[in-house]
Amino acid sequence: MKKWLRTLSLSVAAAVALAACGSGDTAEETPADGGDDSSEEAVEAGDFKVAMVTDVGGIDDKSFNQSAWEGLSAFGEEVGLEEGTGYRYLQSQTMDDFEPNLRNLVREDADLVWGIGFLMEDAIRTIAEQVEDAQLAIVDTVVLDAEENTYDNIANVTFKEHEGSFLVGVIAGLQTEGDKVGFIGGVESGLIKKFENGFKAGVKAVNPDAEILVQYAESFNDASRGSQIANTMYSQGADIIYHAAGGTGNGLFTEAINRARNGENVWAIGVDRDQHEEGEYGDDQSVTLTSMVKRVDTAVAIVSEQTMNGDFPGGEILEYGLEEDAVGIAPSTDNVSEEALSAVEDYKGQIQSGDISVPQTDDEYEEYLNGLE
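Anyway, here's the lowdown on the structure attached to this text. All of these numbers come straight from a predicted model, not from anything done at the bench.

The next thing to look at is the packing of aromatic side chains. Using the criterion set out here, one finds 11 aromatic pairs in the structure. Where F159 meets Y320, the ring centres are 5.9 Å apart and the plane angle is 65 degrees; that geometry is what we call edge-to-face. With F159 in strand 5 (residues 154-159) and Y320 in strand 13 (residues 317-320), the pair connects residues that are 161 residues apart, well separated along the chain. For the pair shown, F159 and Y320 are each scored as buried. Of the aromatic side chains, those joined through ring pairs into one cluster are F183, F199, Y216 and Y242. Directly above the ring of Y365 sits K200, whose terminal nitrogen or CZ lies 4.4 Å from the centroid.

Below you can see the structure in the form of structure tokens.
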């Protein structure tokens, strides 16, 4: 298996190297030259069209959708596509927009159409079944048919979010002063449970006595709800809160900033991209302790370039984690102690070596806790 490039450039060589990373027996390596094993022909860059459909958070959610659009934009600029024709997006106002938005892009003869987020699973499946020659890709879920097989016209991009969440949990567990931290989830689902359980496992690894508050907003686009939940958790004594809630998580930063300005020592942990700026206030101070970054941007760019080169990974499950530098802590570490940074490196090594299996589900988390006793 080829490694995720540590220098996350968007060259053709980088695209092939990352796109070749697969998941177990499901994904197979494709030839770097787009040679005889490719089922598709390469498309000249000037003729290639790629587009994405956002979920309800939109491209300015400062999180998941924004990261995806940044990756698509970087790819388009790198290969010389024109924004609006060569690469573009359609924003979904509600979940009802998913299917018509995807259908419109397919009808426009886009060479690759992305659905950003697991909530688009049903819509992507419908389009895949109705338009067999469409080339589709989805982030954060695996789309299966009735026989639980993947679709040849869907590339499934997933991440080991639990691994990165474990690392920010280590930081929270070591830096909490009151031994109480919180987790805010968006829509409760198997995906967001990976964030939650990985985070809790990291906290407990270094601070077994810590209490962890958990609440779901049941929305990825309700900042006021995020602020309300954060207010409750901070009022209950939590001093560090991690969110995996998209735009809802913006309310966490608002609440943390308001409290910091009033002299409270509280912190927020961001998600998907470095959210240090979202926590800034005053003279370059930030309530963002760290963030769990997930390189959605690079995955989108890599698979797009692979498809342009004739190597569309349809039917494959591409899963990226610590080993590929696809998840981890953000580069902004000014508020993270040296002890915590050292511990992150230690636990990162243990996860990569297989000494620690990070839980993804509630049942796995309970087994993990039993193993700590």
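Quick look at the packing of helix 5 (residues 161-175) against helix 10 (residues 338-353) now. Relative orientation of the contacting elements helix 5 and helix 10 amounts to 145 degrees, with a least axis distance of 9 Å. Seen along the crossing, helix 5 lies across helix 10 with a hand that is right-handed. Within the contact between the two elements, helix 5 uses E163, F166, L167, V170, I171, L174 and Q175 and helix 10 uses E339, A340, A343, V344, Y347, K348 and I351. Across the contact of helix 5 with helix 10, the residue classes break down as 10 nonpolar, one polar and three charged.

Glancing now at empty space enclosed by the protein. As enumerated under the stated definition, the model contains one cavity of 30 Å³ or more in all. In this model, the largest cavity occupies a volume close to 200 Å³. Contributing to the lining of the largest cavity are 22 residues, with F64, D140, I192, F220 and D272 lying nearest its centre. Elements represented by at least two residues in the lining of the largest cavity include exactly helix 2 (64-79), helix 6 (190-206) and strand 9 (267-272). Per-element tally for the lining of the largest cavity: the top contributor is helix 6, with three residues. In terms of residue class, the lining of the largest cavity is built from 11 nonpolar, six polar and five charged.

Below, the discussion takes up unusual backbone geometry. Its identity as a non-glycine residue notwithstanding, D179 has a phi of 55 degrees, on the positive side. Residue placement: D179 occurs in the loop between helix 5 and strand 6 (180-185). Phi at D325 is positive, roughly 55 degrees, even though this residue is not glycine. Turning to its location among the elements, D325 is positioned in the loop between strand 13 and strand 14 (327-329).

The six strands are arranged 7-6-8-9-12-14 in an open sheet whose pairing can be described as mixed. Each edge of the open sheet carries a strand with a single partner, namely strand 7 (211-216) and strand 14. The mean angle between the axes of side-by-side strands here comes to 15 degrees, regardless of whether they run parallel or antiparallel. Helix 8 (residues 250-261) contacts strand 8 (240-244), strand 9 and strand 12 (288-294) of the sheet and is inclined by roughly 160 degrees relative to strand 9.

The first and last C-alpha atoms of helix 5 sit 21 Å apart over 15 residues, in line with the 21 Å expected at 1.5 Å per residue. Taken across its 15 residues, helix 5 has 14 buried, putting it largely inside the fold.

What follows deals with the nonpolar core. In this structure, V50, W114, F159, F166, F195, F199 and Y242 are the most contacted members of the largest nonpolar core, which totals 71 residues. With residues near it in sequence (within four places) discarded, Y242 still touches S165, V168, G182, F183, I184, F195, F199, I269, G270, V271 and M292. Counting 20 residues, the second largest nonpolar core, distinct from the first, contains M120, A123, I127 and A128.

Contact geometry of helix 3 (residues 98-107) with helix 4 (residues 121-130) gives a least axis separation of 9 Å together with a crossing angle of 35 degrees. Judged by the twist between their axes, the crossing of helix 3 over helix 4 is right-handed. In contact with F98, E99, L102, R103 and V106 of helix 3, helix 4 contributes A123, I124, T126, I127 and Q130. Residues belonging to the contact of helix 3 with helix 4 are distributed by class as follows: six nonpolar, two polar and two charged.

Residue placement: L144 occurs in the loop between strand 4 (136-139) and strand 5. Residue class for L144 comes out partly exposed when judged on its relative accessible area of 29%. Residues L144 and D122 lie 22 residues apart in sequence; the distance between their C-alpha atoms is 9.8 Å. Ignoring anything within four residues of it in the chain, the contact list for L144 reads R125, N149, T150 and Y151.

On to the layout of surface pockets. Unoccupied space between atoms shows up once a probe the size of one water molecule is rolled over them. For the largest pocket, the calculated volume is near 450 Å³. Residue lining of the largest pocket: 22 residues in total, with V293, G328, I329, A330 and P331 positioned closest to the centre. Elements with a minimum of two residues in the lining of the largest pocket: helix 2, strand 12, strand 14 and helix 10. With four residues, helix 10 is the largest single contributor of residues to the lining of the largest pocket.

Rules of the game
- Residues numbered from 1 in each chain as written.
- Predicted model: local features only at pLDDT ≥ 70, side-chain atom pairs only at ≥ 80, totals over all residues.
- Heavy atoms only, no water.
- Phe/Tyr/Trp six-rings, centres within 6.5 Å; stacked < 30°, edge-to-face > 60°.
- Helix = DSSP H or I, 4+ residues; strand = E, 2+ residues; numbered from the N terminus.
- Buried < 20%, exposed > 50% of the residue type's maximum accessible area, 1.4 Å probe, protein only.
- Lys NZ or Arg CZ within 6 Å of the ring centre and 35° of its normal.
- Axes fitted to C-alpha atoms, helices over the stretch in contact; angles between N-to-C directions.
- Left-handed = near helix turned anticlockwise from the far one by under 90°.
- Contact = heavy atoms within 4.5 Å.
- Nonpolar A, V, L, I, M, F, W, Y, C, P; charged D, E, K, R; others polar.
- 1 Å grid on protein atoms, 1.4 Å probe; cavity = no way out; pocket = protein on both sides within 12 Å on 5 of 7 lines; lining within 4 Å.
- Points joined across faces, edges and corners; volume = space filled by probe spheres on them.
- Pairing = 2+ DSSP bridges.
- Expected span 1.5 Å × (residues − 1).
- Core = buried A, V, L, I, M, F, W, Y, C linked by side-chain atoms within 4.5 Å.

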